[in-house]
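Examination of the molecular architecture
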Amino acid sequence: EGAGVDGCCPPGKPTLYGSVTRRGLSSDGVPDIAASEGFVVGEVTKKTILISCPHENVSTKFLAPYTSFCRIHQKSITCLDISSGGGLGVSTSTDGTMKIWQAANGEIRRLLEGHVYDVNCCRFFPSGLVVLSGGMDAQLKIWSAEDASCVVTFKGHKGGILDTAIVDRGRNVLSCSRDGTARLWDCGKSACLGIIADCGSPINGIAMGTADSSLNLGTPEKPPSEREVGTEGKILLLAREDKKLQGVGLQSRQPVFLFVGSDAFNCCTFLSSTYILAGTQDGNIYQLDVRNTDVPIQVIHRSGAPVLSLLPYRDGFIASQGN
C-alpha cells in the first residue's frame, strides 16, 4: 500500500534509494513486503522488517513503534527527556511549546511558558521534580514540574542556548550557546560561576563526564568558588560548529584535547570514563579514547544524514539521524 523509502549510503559513493511496498497480508497476519531493485526483504514479522542491500553488504532491521503519542505536539519534536523514575516526559517542539506529560499514556500534565522564542533543549534534574531548559532568547530557565512555575532564570549568554548539562545532583548546571561560550551556573544564587570555554564558534552540544584518572585535566588559575559543587575530576565535551570536538577540564577551564572532524559536530556523549562518541552534520559518528584523540577508534557512517543525537544504551549506543 504506502511505500516507505530506504537509503543505503556506501562511503564515497552516491546514496542508493529504494522503496518497500506491502502487497497484502498472509493468513497469520504478517505483511507481504516487496522491495525495489537493489534491496532485498529478509525476515518479516508483525513488528519488524529486515531490509538488506546485498551489493553493499549492509542490512537494517526496521522496528514498529512500541507506542506513539501523536497529541503532545503539533510539529517536529526538537528535544525530549524522561525523568529518572520513568514517570514523566518533557519535550520541546517547533510548534513553540514545551510540555510535561505522563510517560505511560502521553497525557499532558503541564505547559511550561516563559521563553520568548523557540525552546531548544530541556532536561529533568535527577530528582525528576525540576526541569532545565534553554532557548533562542539566550535564557536558561529552571521550572517546577509540579506547578509549572519558573523558579530561576539565568541571563548572560549573548546568543541562543543550544544544550545543557547538570552537574551531580544539580546545585550547578552547564549551558552552551551560539555565542561560542559554555558557562557554569549556581542554581541557588542564580549566578554565573564562570565561562568554561569561549571558542569563537557556536557550541551545538555538550556532555559532562568523570574523567579517567590518568588524564591530566590541568589546574585552575584561581581557587574555585565554594559555590562550585562536583566540578572536580570532570571533563566537559564541546561539539562545535567549526568541525572541532573539544575536551575541557570543568574545574580548571583548561583545554584537554582538540579533535578535528569532517564537518560541524552536532552532539556528543560519554560511553565510559575513557570512551566518547560525537556525531557530525555529514553523518559520521566518531568513537574516541579521551587519553589519545589523535586517531579515532572507529568512524561509523551509515548515511549522509546529520547525526542529531547520541545516547549510550546497554553495551552500545543509540543514534538519531536527520533522515
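Residues numbered from 1 in each chain as written. Predicted model: local features only at pLDDT ≥ 70, side-chain atom pairs only at ≥ 80, totals over all residues. Heavy atoms only, no water.

It is worth spelling out the sheet that holds strand β20 (residues 234–240) at this point. As summarised here, the arrangement of the four strands in space is β19-β20-β21-β22, forming an open sheet in which the pairing is antiparallel. Where the open sheet ends on each side, the last strands, each with one partner, are β19 (203–210) and β22 (255–260). Across the sheet, the mean angle separating the axes of adjacent strands is 15° when strand polarity is ignored. Of the pairings in the sheet, the one linking β19 to β20 comprises seven bridges and is antiparallel in character. Across the sheet, residue I203 finds its bridge partner in β20, namely R240. (Pairing = 2+ DSSP bridges. Helix = DSSP H or I, 4+ residues; strand = E, 2+ residues; numbered from the N terminus. Axes fitted to C-alpha atoms, helices over the stretch in contact; angles between N-to-C directions.)

Here the focus is the pairing of strand β4 (residues 40–44). Each regular strand carries side chains that alternate between the two faces of the sheet. Looking at chain direction, β4 and strand β5 (residues 48–53) are connected through three bridges and run antiparallel. Residue pairing for β5: V41 is matched across the bridge by I51. Count of turn residues in the β4/β5 antiparallel hairpin: three residues.

What follows deals with unusual backbone geometry. Despite not being glycine, N57 shows a phi value in the positive range, around 60°. Summarising the element assignment, N57 is placed in the loop between β5 and β6 (58–63). Given a relative accessible area of 69%, N57 falls into the exposed group. Look at R253: it is not a glycine, yet its phi comes out positive at around 65°. By secondary structure assignment, the location of R253 is in the loop between β21 (244–249) and β22. (Buried < 20%, exposed > 50% of the residue type's maximum accessible area, 1.4 Å probe, protein only.)

As a further point, take the domain arrangement of the protein. Here the protein is partitioned into domain 1 (3–65) and domain 2 (73–321). Of note, the centres of domain 1 and domain 2, computed from C-alpha atoms alone, are 35 Å apart. (Domains from an automatic or database assignment.)

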